[in-house]
Amino acid sequence: MASVSEQAAHGAASTSTLSTEQLELNLALLVTCQSPDHPRALQSVKELIERGADAWYEDSELGWSSLHYAAESDNAELCSYLLSHGAIWNAVDHLGFAAAEVAFSLNHDACYRIIFEEGVRQTVILNLLGRQAEDEDEAADADAEDEQPQADAEADHPGGTAVAIASDEGGCAHMVLQPEHADLANDNDKFLKSKLRFIPSADDPEVVERCLDEDGNMVMAAWETDIMERTTRLLCEGQPEGFSILNVGFGLGIVDRLFQTYKPGRHVIVEAHPDALALMRSQGWDKKPGVEIFGCKWEDAINDVQLGSFDAVFWDTFSQDYAEQRVFFDELPNLLSGPQARFSFFHGLAGTNAFFYDVLTRVAEIDLRDIGLETTWFELQPQLKEEVWEGVKRKYWSLDTYRLPLSTMAL
Ligand SMILES: C[S@@+](CC[C@H](N)C(=O)[O-])C[C@H]1O[C@@H](n2cnc3c(N)ncnc32)[C@H](O)[C@@H]1O
């Protein structure tokens, strides 16, 4: 670790916008948090914060904040204090590690728990605020439409709210960690207008193994087949004869082929990408008995009275973030046919960071409970080789354990 004077030199160079006095306070806070076992450490931290030290401040060498140091030394009380005084729960260091991951790697369970709970708390609050802002936007849009009936529907910004959900990008982002904005993987409308590449398997050219977008992001790949198989079993086993099922997002059609083996009476597929729709037609999905294709965005399909309700619903789209996923959750009471109906989704957001994945799992569970659904998580260990990512811009999965959600109405 760099000495304080070295840090001061680095810090002074990289935080030139801070006054010398502020910088000194911030560095003093970091130094105090580096030796939090000192009997007066917490008191000194409190005094520094009261004098205006920034709890979010990071050293320039490692990118560690006072929360990283408190987590490293297993000081749960200090973690708690820092979090309630401006420390950022999901700030990552220069290697992309959050303070909770430091705690986890050292088995500092209490510190991990405290940061995790704070992450969940803040994300749920942000979601609620986002929802409120959307409602207000919708009300304002409705007013504007009353005044100006020709208003452009594109002016809406569905789900355009501040949701602190991490992507796999480490680096310096703090509250909102997402892929860069111009990336197709971060813009559903742009993605839906881009060209898709379907790549056949090296062993069997008849089998499409991967689907990439124009930017080289992986849209779907065969490694997810185990997940799709287990999802299918959980959604379809024991359903009544002629049951109905909705799948949102065709991709490579892996899950839809599996659903077909259970012979649903009604099998609706909502898919918005023209290239995926062309693949579906080339595979004869439009002629299969019981299959109905809604060739549009799910955001439009849910307003179509023809869509109806289902015994099972699965959601797996691409280039949509948690805010958009939550908008779909809100539609579930209308989409599920009754108390026995089942819901699942591809739980892949934050799939390269165990801590953020933990937070997102809890947030999804809370949001689903809010609309009356109880969720059980089934754990799977995906088997995937490094070759899967060859030629792919960004890995979206690297965790050992996938948590498969199955939700039903809580009675
Ligand atoms: C990850 S793939 C689905 C993979 C599928 N579960 C399988 O087993 O092959 C995501 C699909 O969702 C589609 N999609 C993305 N945004 C959508 C939207 N807003 N409405 C409907 N489909 C969408 C994409 O075009 C893509 O085909």
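Residues numbered from 1 in each chain as written. Predicted model: local features only at pLDDT ≥ 70, side-chain atom pairs only at ≥ 80, totals over all residues. Heavy atoms only, no water.

Looking up the chain in an unreviewed UniProt entry gives the name S-adenosyl-L-methionine-dependent methyltransferase, with the organism given as Tilletiaria anomala.

Some remarks on the site of the ligand
Lining the immediate environment of the ligand, one finds 24 residues, of which Asn 188, Val 219, Val 255, Glu 271 and Asp 316 sit closest. Within the contact set of the ligand, an oxygen atom lies 3.0 Å away from a backbone nitrogen or oxygen of Leu 252. Val 255 is positioned such that a nitrogen or oxygen atom in its backbone is 2.9 Å from an oxygen atom of the ligand. Relative to its free-state accessible area of 610 Å², the ligand is covered by the protein chains to the extent of 99%. Within the residue set of the shell around the ligand, elements represented by two or more residues are helix 8 (188–193), strand 3 (218–221), helix 10 (254–260) and helix 12 (298–301). (Near = heavy atom within 4 Å. Polar contact = N/O pair within 3.5 Å; in protein donor to acceptor, adjacent residues only side chain to side chain. Areas by Shrake-Rupley, 256 points an atom, 1.4 Å probe, with all protein chains shown as cover. Helix = DSSP H or I, 4+ residues; strand = E, 2+ residues; numbered from the N terminus.)

What to know about the sheet that holds strand 9 (residues 373–380)
Taken together, seven strands build an open sheet; the order of strands is 6-5-4-7-8-10-9 and the sheet is mixed. Here the strands that pair on one side only, and so sit at the sheet edges, are strand 6 (291–294) and strand 9. Neighbour-to-neighbour, the strand axes of this sheet turn through a mean angle of 15°, independent of strand direction. Note: strand 7 (residues 312–315) against strand 8 (residues 342–345), four bridges, orientation parallel. Looking at the pairing, Phe 314 lines up with Ser 344 of strand 8. Together, strand 8, strand 9 and strand 10 (402–409) form the strand contacts of helix 14 (residues 354–370), whose direction differs from that of strand 9 by roughly 150°. (Pairing = 2+ DSSP bridges. Axes fitted to C-alpha atoms, helices over the stretch in contact; angles between N-to-C directions. Contact = heavy atoms within 4.5 Å.)

Considering the pattern of salt bridges
Under the criterion given, the structure shown has 13 salt bridges. Glu 118 is the partner of Arg 121 in a salt bridge, and the nearest nitrogen-oxygen pair spans 3.0 Å. Here the residue Arg 121 and the residue Glu 118 both occupy positions in helix 7 (residues 109–147), the gap between them amounting to three residues, near one helical turn. The exposure class of Glu 118 is buried, given its relative accessible area of 13%. One salt bridge in this structure joins Asp 275 and Lys 195, with 3.3 Å as the shortest N-O distance. Placement of Asp 275 in helix 11 (residues 274–282) and of Lys 195 in the loop between helix 8 and strand 1 (197–200) is noted, with a sequence separation of 80 residues between them. (Salt bridge = Lys/Arg side-chain N within 4 Å of Asp/Glu carboxyl O. Buried < 20%, exposed > 50% of the residue type's maximum accessible area, 1.4 Å probe, protein only.)

Some words on helix 2 (residues 20–34)
Since one α-helical turn is 3.6 residues long, residues separated by three or four positions face the same way. Compared with an ideal rise of 1.5 Å per residue, which puts 15 residues at 21 Å, helix 2 spans 21 Å between its outermost C-alpha atoms and is within 8% of the ideal. Every buried residue of helix 2 is accounted for by Gln 22, Leu 23, Leu 25, Asn 26, Leu 27, Leu 29, Leu 30, Thr 32 and Cys 33. (Expected span 1.5 Å × (residues − 1).)

Some details on the pairing of strand 8
Side chains Arg 342 and Ser 344 project from strand 8 onto one buried face, and the interleaved Phe 343 and Phe 345 project onto a second face that is buried too. For the handedness criterion, the β-α-β arrangement of strand 7, helix 13 (residues 322–335) and strand 8 is classed as right-handed. Relative to strand 10, strand 8 is paired through two bridges, and the arrangement is antiparallel. Bridged to Phe 343 within strand 10 is Ser 407. (Right-handed = clockwise from strand over helix to strand, strands pointing away.)

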